[in-house]
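Overview (structure and organization)
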Amino acid sequence: MPAPLPLDPIAEAHRQWTLHGWGEVADGMAAVTSVMRAQQIMIARVEEVLKPFGLTFARYELLTLLHFTKSGALPMAKASARLQVHPTSVTNAVDRLEAAGLVRRTPHPSDRRATLIELTDVGRALAIEATEKLNAEVFARPGIPDADLEELLRVLSVMRHDAGDFDTGGTPTKW
């Protein structure tokens, strides 16, 4: 890991934004930049844990999604929607997971146009093992004080809702 910088680069960017006449949007720039940097930090921690399993976070998410289903299988289109990624991303992840013997494609029993992604026993075991490691090394200590987690989740939930990620129709959500 490189040595920490002697100043906060986002605070400096905020100062520069203000200096250059963009002060009215400097807080927004700092918020966007901070969230993007935080995402980089979190994904690096997650990927470090998943690397020995031969998984990326995208592939891990798909394995876990399948593990959480009753049957261990989902149509590719439904997996894409639930993971909020383009169908091509799911296809690429399935290609890799299938090559590793962790999932298999099977015909949908009632829709000839659809293909199911089905978790193999090896895939299920790997999903559980990787989750246990992530729980212990990342999720138990996400790098945010416990006292701040609820507020962060609330703020991010508002942002995701406003972006159209979900619509509960007025039913309250956890955050």
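Attention here is on the structure that accompanies the text.

When its volume is computed, the largest pocket comes out at roughly 1600 Å³. Lining the largest pocket are 38 residues, with Gln39, Met42, Phe57, Leu156 and Arg160 positioned closest to its centre. Of all the elements in the fold, those that place two or more residues in the lining of the largest pocket are α2 (23–50), α3 (57–68), α4 (76–83), α5 (87–99), α6 (121–139) and α7 (146–162). Ranked by the residues each element gives to the lining of the largest pocket, the list is headed by α2, at ten residues. Considering only residue class, the lining of the largest pocket consists of 27 nonpolar, six polar and five charged. Of the pockets and cavities examined, the second largest pocket occupies roughly 510 Å³. Lining of the second largest pocket is provided by 15 residues; of these, Met1, Pro2, Pro4, Arg37 and Ile41 occupy positions nearest its centre. Broken down by secondary-structure element, the contributors of at least two residues to the lining of the second largest pocket are α1 (9–19) and α2. The element contributing the most residues to the lining of the second largest pocket is α2, with six residues.

When two helices pack together, their arrangement is given by the angle between their axes and by how far apart the axes lie. The geometry of α1 relative to α2 is characterised by a closest axis approach of 8 Å and an angle of 155° between their N-to-C directions. Accordingly, the angle class assigned to the pair α1 and α2 is roughly antiparallel. α2 is crossed by α1, and the crossing has right-handed handedness. Where α1 approaches α2, its residues Ile10, Ala13, His14, Trp17 and Thr18 are matched on the opposing element by Gly23, Val25, Ala26, Asp27, Met29, Ala30, Thr33, Ser34 and Arg37.

Tracing the sequence through the fold places Thr106 in strand β2 (residues 103–107). Among residues more than four places away in sequence, those in contact with Thr106 are Thr115, Leu116 and Glu118.

Membership of the largest hydrophobic core comes to 27 residues, with the highest contact counts inside it found for Leu55, Leu62, Leu63, Val103 and Ile117. Mapped onto this core, the elements with two or more residues apiece are α2, α3, α4, α5, β3 (115–119) and α6. What Leu62 contacts, discounting residues up to four positions off in sequence, is Ala79, Leu83, Val90, Ala93, Val94, Leu97 and Ile117.

Another point: the sheet that holds β2. Sheet strands line up and pair through hydrogen bonds in the backbone, either parallel or antiparallel. Ordered in space as β1-β3-β2, the three strands form an open sheet in which the pairing is antiparallel. Pairing within the sheet leaves two strands with one partner each, and these edge strands are β1 (73–75) and β2. Pairs of neighbouring strands in the sheet enclose a mean axial angle of 30°, with direction left out of account. Relative to β3, β1 runs antiparallel, the two being bridged by three bridges.

Residues three or four positions apart in an α-helix share a direction because the helix packs 3.6 residues into each turn. Between its first and last C-alpha atoms α5 spans 18 Å; for 13 residues at 1.5 Å apiece the expected length is 18 Å, and the two agree. Those residues of α5 not exposed but buried are Val90, Ala93, Val94 and Leu97. Taken around the axis of α5, the buried residues stretch over an arc of 105°, which confines them to a single face. Seen from the open side of α5, the exposed residues pointing more than 90 degrees away from its buried face are Arg96 and Ala99. Of the residues flanking the end of α5, it is Gly101, one or two places downstream, whose phi is positive at about 80°.

Let's shift gears to a nonpolar patch on the surface. Together, Trp17, Trp22 and Val25 make up an exposed nonpolar region whose accessible area comes to about 280 Å². Inspection of the secondary structure assignment puts Trp22 in the loop between α1 and α2. Take Trp22: its relative accessible area is 43%, and that puts it in the partly exposed class.

Here is what the cut-offs are and how they apply
Residues numbered from 1 in each chain as written. Predicted model: local features only at pLDDT ≥ 70, side-chain atom pairs only at ≥ 80, totals over all residues. Heavy atoms only, no water. 1 Å grid on protein atoms, 1.4 Å probe; cavity = no way out; pocket = protein on both sides within 12 Å on 5 of 7 lines; lining within 4 Å. Points joined across faces, edges and corners; volume = space filled by probe spheres on them. Helix = DSSP H or I, 4+ residues; strand = E, 2+ residues; numbered from the N terminus. Nonpolar A, V, L, I, M, F, W, Y, C, P; charged D, E, K, R; others polar. Axes fitted to C-alpha atoms, helices over the stretch in contact; angles between N-to-C directions. Parallel < 35°, antiparallel > 145°, perpendicular 65-115°, else oblique. Left-handed = near helix turned anticlockwise from the far one by under 90°. Contact = heavy atoms within 4.5 Å. Core = buried A, V, L, I, M, F, W, Y, C linked by side-chain atoms within 4.5 Å. Buried < 20%, exposed > 50% of the residue type's maximum accessible area, 1.4 Å probe, protein only. Pairing = 2+ DSSP bridges. Expected span 1.5 Å × (residues − 1). Arc of directions from axis to C-beta. Patch = residues over 30% accessible without salt bridge, like charges linked within 9 Å, V, L, I, M, F, W, Y side chains within 5 Å. Areas by Shrake-Rupley, 256 points an atom, 1.4 Å probe, with all protein chains shown as cover. Salt bridge = Lys/Arg side-chain N within 4 Å of Asp/Glu carboxyl O.

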